[in-house]
Amino acid sequence: MYKIENLNHSFNSHAVLQDINLQVSSGCIVSILGPSGCGKTTFLRIMAGIIKPNSGTLHNFDQNSSFVFQHPRLLPWNTVFDNIKLVLHDKVADSEIPTLISKALEMVELTEVADSYPLKLSGGMKQRVAIARALVFPAKLMFLDEPFQSLDFDLKQRLMRQLLPLWSEQKYTVFIVTHDIRVATAMGDIIYLLGNRPSSIIKELKNPVSRSDRLVKNGANLIEIENEVYASLSEN
Amino acid sequence: MKTFTTMLKNKNRRTELIIGVPFLLLIWHLIAMGVGNINIFPTPLAVIGSLANIVTSPNFFTVVTMTLSRVLVGLTLSFCLALILGLISVNSRFVKSMLNPLVSVMKAIPTIAITVQLIIWLGPFQAPPAVGFIVIFPLLYSAVVEGLENIDLDIIEMANVYNVPKVHRIKHIYYPSVVSYLSAALAGSIGLCIKVIISAEYISTTRNSMGDGIYYGFAYFNMAEVWSWAVVAIITSAVLELPLRQLKKRICQWREVD
């Protein structure tokens with residue numbers, strides 16, 4: 001169980017997050033949705049342990065976790081393969097590394113650029129490398145900050161179709177920050193809406209659609225939950 | 001596989017050699033003919049003749065070796081100290097504050113002023129490599145400091161999140177960043193080091209040196225000999241820089257984009 005109690009945080013005396021409370025079971029995928037600048041990324045970075053909050057308690061978050069940043073943060077002088085390998089040093093046996101990286105690149109459809117340097121990749125490709133890097137890292141807690149923003153619709157759909165069963169099978173606990181309602185409803189078992197200034201959780205929505213049914217019929221099953229999200233965001 | 005950019009660069013270089021160099025030689029020849037006195041302004045042919053005499057002289061190899069050895073001493077000392085002090089400075093504001101004024105003075109001081117001072121302190125043999133050190137060290141030191149200080153903090157944060165071990169951070173993050181800045185500075189430093197050391201040798205009339213060769217060429221009003229030694233210096237610089245440029249090309253191959 002992952003729990004947050006009375007989280008508050010400010011930047012330069014400017015309150016950003018106020019009285020955040022949540023409780024999430026292990027193995028859950030959580031989408032965090034909200035308008036630009038509301039503090040979603042700050043919230044994610046606090047959960048990942050990158051920032052210490054001004055006050056509040058986080059339970060079970062202090063463990064190894066992987067993070068997909070908004071910008072890929074690849075080393076320009078390392079190939080794609082070596083960029084992913086960097087996070088595996090001293091964590092898995094050397095003999096396993098090529099197979100792990102190969103599988104991850106296959107999942108994000110980038111097998112052919114394993115030996116390429118980041119400068120030769122598009123923004124979307126770099127972001128997929130960052131996702132592959134997060135997938136190979138041996139941790140069951142994952143944070144993704146706008147992971148699909150540079151990807152086209154088809155690629156986004158294909159990637160989500162790969163990730164959902166993988167996360168289910170390997171029992172990942174995932175927190176995804178996004179401003180895309182479709183991504184939030186397609187991925188999240190629970191959708192937290194952030195709003196107001198300073199931000200707090202204005203609504204918690206449980207996704208009624210099972211993971212296996214979310215991306216069938218081009219997401220037609222998600223219309224109801226999407227409308228609920230739209231309505232909640234409009235109220236605020 | 002050659003990229004389009006590399007092919008274009010090679011094509012431009014070939015064009016420069018085929019068109020540019022003969023054009024340069026033609027202009028040189030025309031100016032020399034205009035001046036009309038090869039002792040004041042020698043023709044390309046006069047320089048080539050003088051160069052042949054110098055190269056076939058019995059002590060040519062000794063002269064070039066002695067000058068090069070001073071260059072290597074100056075460069076090696078500069079490189080090693082720049083690396084050590086640069087690493088310390090980045091981690092210690094006190095050391096950095098202590099060194100900054102000294103480095104600024106070393107960058108700005110006229111070479112001639114420091115050369116004559118070092119001749120008095122160290123004598124004609126030790127002064128030239130010391131001058132080389134004074135001129136080159138601040139460039140390499142600044143490159144090391146900049147290389148370390150300009151590391152993307154977002155990448156450091158990523159390394160923190162993924163618990164990348166320190167050894168691998170040094171190997172994959174810090175070292176490539178420093179090498180990138182240092183290799184650029186080093187490539188430029190070789191030619192500069194040769195120039196200042198030869199100048200110092202000229203002023204101190206260091207025996208068995210290229211600077212001394214220029215000194216006697218000028219003393220006997222033989223400008224062809226002066227220019228010949230200049231050609232030797234240019235060729236020596238190019239030869240020394242070649243392995244470094246190849247290394248830099250290999251290290252920085254990630255920068256090549258189609």
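Residues numbered from 1 in each chain as written. Chains lettered and ligands numbered in written order. Predicted model: local features only at pLDDT ≥ 70, side-chain atom pairs only at ≥ 80, totals over all residues.

Peer 1: Sorry if this is basic, but what is going on with the overall build of chain A here?
Peer 2: The secondary structure content of chain A amounts to seven helices and nine strands. Computed over the C-alpha atoms, the radius of gyration of chain A is 18 Å, within 12% of the 18 Å expected from 2.2 N^0.38 for a compact globule of 236 residues. Counting only C-alpha atoms and orienting by the principal axes, one finds that chain A spans roughly 50 × 45 × 30 Å. Split into buried and exposed, the 236 residues of chain A put 38% on the buried side. For chain A, restricting intrachain contacts to residue pairs at least 6 apart in sequence, the fraction spanning at least 24 positions comes to 69%. (Helix = DSSP H or I, 4+ residues; strand = E, 2+ residues; numbered from the N terminus. Rg over C-alpha atoms; globule rule 2.2 N^0.38 Å. Buried ≥ 20, exposed ≤ 12 C-beta atoms within 10 Å, placed from the backbone. Contact = placed C-beta atoms within 7 Å.)

Peer 1: When you look at the pairing of strand β1 (residues 2–11) of chain A in this model, what are you seeing that I'm missing?
Peer 2: Consecutive side chains along a regular strand alternate between the two faces of the sheet. Residue and element names in this part refer to chain A. The sheet contact formed by β1 and strand β2 (residues 14–24) spans seven bridges and is antiparallel. Note on β2: the bridge partner recorded for Leu7 is Ile20. Connecting the antiparallel pair β1 and β2 is a turn made up of two residues, with Asn12 showing a positive phi of about 50°. (Pairing = 2+ DSSP bridges.)

Peer 1: So what exactly am I meant to see when it comes to the sheet that holds strand β6 (residues 141–145) of chain A here?
Peer 2: By way of backbone hydrogen bonds, the strands of a sheet pair with one another, either parallel or antiparallel. Residues and elements named next belong to chain A. Judged by pairing direction, the sheet is mixed, and its six strands sit side by side in the order β5-β6-β7-β3-β8-β9 without closing on themselves. At either margin of the open sheet sits one strand with a lone partner, and together these are β5 (66–68) and β9 (200–206). Here the strands of the sheet are splayed against their neighbours by 15° on average, with no regard to which way each runs. (Axes fitted to C-alpha atoms, helices over the stretch in contact; angles between N-to-C directions.)

Peer 1: I'm lost on the sheet that holds β2 of chain A in this one. Help?
Peer 2: All names here are of chain A. If you walk across this open sheet you meet the three strands as β2-β1-β4, and the pairing is antiparallel. The two strands at the open ends of the sheet, each matched to only one other strand, are β2 and β4 (55–59). Ignoring strand direction, the axes of neighbouring strands in this sheet form an average angle of 20°. Packing against the sheet, helix α1 (residues 40–47) makes contact with β1, β2 and β4, and its axis sits at approximately 55° to β2.

Peer 1: Explanation requested: the packing of helix α4 (residues 93–108) of chain B against helix α6 (residues 127–149) of chain B in the structure shown.
Peer 2: Packed helix pairs are characterised by how far apart their axes lie and by the angle those axes make with each other. Residues and elements named next belong to chain B. One can describe the packing of α4 onto α6 by two numbers: an axis separation of 8 Å at closest approach and a directional angle of 130°. Between α4 and α6, the angle falls in the class oblique. Read as a crossing pair, α4 and α6 show a hand that is left-handed. Every residue of α6 that contacts α4 at Val103, Met106 and Lys107 is listed here: Ile134, Phe137, Pro138, Tyr141 and Ser142. Its residues placed into classes, the contact of α4 with α6 shows six nonpolar, one polar and one charged. (Parallel < 35°, antiparallel > 145°, perpendicular 65-115°, else oblique. Left-handed = near helix turned anticlockwise from the far one by under 90°. Nonpolar A, V, L, I, M, F, W, Y, C, P; charged D, E, K, R; others polar.)

Peer 1: Would you mind going over the nonpolar core with me for this structure?
Peer 2: Nonpolar side chains in soluble globular proteins tend to end up buried together. If you look at the biggest cluster of nonpolar residues, it comprises 68 residues, and the most contacted ones within it are Ile32, Ala132 and Val136 of chain A. Here this core takes eight residues from helix α4 (residues 123–136) of chain A, the largest share from any one element. Counting the residues that make up this core, at least three belong to each of domain 1 (2–65 + 142–235) and domain 2 (74–138) of chain A. Discounting residues that sit within four places of it in the chain, Val136 of chain A has contacts with Ile84, Val87, Leu88, Leu100, Ile101 and Ala104 of chain A. Val47, Ile136, Val144 and Ile194 of chain B belong to the second largest nonpolar core, which has 48 residues in total. (Core = buried A, V, L, I, M, F, W, Y, C linked by C-beta atoms within 7 Å. Domains from an automatic or database assignment.)

Peer 1: For this particular structure, what's the right way to read the confidence of the model for chain B?
Peer 2: Interpretation of the predicted coordinates at a detailed level should be avoided for regions scoring low in pLDDT. Residues and elements named next belong to chain B. Across chain B, the average pLDDT comes to 89, with 95% of residues at 70 or higher. When mean pLDDT is compared element by element in chain B, α4 scores highest at 95, while helix α1 (residues 4–35) scores lowest at 81. Note on the complex model: pTM 0.80, ipTM 0.92. (pLDDT = per-residue confidence, 0-100.)

Peer 1: I keep staring at unusual backbone geometry and nothing clicks. Help me out?
Peer 2: Glycine aside, a negative phi is what most residues show, and trans is what most peptide bonds show. The amide bond that connects Arg197 of chain A to the next residue, Pro198 of chain A, takes the cis arrangement and shows omega of 0°. In this structure, Pro198 of chain A sits in the loop between β8 (190–195) and β9. Although it is not a glycine, Asn208 of chain B adopts a positive phi angle of roughly 55°. A count of 15 C-beta atoms within 10 Å places Asn208 of chain B in the partly exposed class.

Peer 1: Would you mind showing me how to read the domain arrangement of chain A here?
Peer 2: Interfaces are frequently sized by the accessible area removed from exposure as the parts join. Residue and element names in this part refer to chain A. By domain assignment, chain A separates into domain 1 (2–65 + 142–235) and domain 2 (74–138). Between the C-alpha centres of domain 1 and domain 2 the distance comes to 25 Å. Taken together, the seven residues of domain 1 in the interface contact seven residues of domain 2. By residue number, the principal contributor to the side of domain 1 that touches domain 2 is helix α5 (residues 153–170), which donates three residues. Its residues placed into classes, the side of domain 1 that touches domain 2 shows five nonpolar, two polar and no charged.

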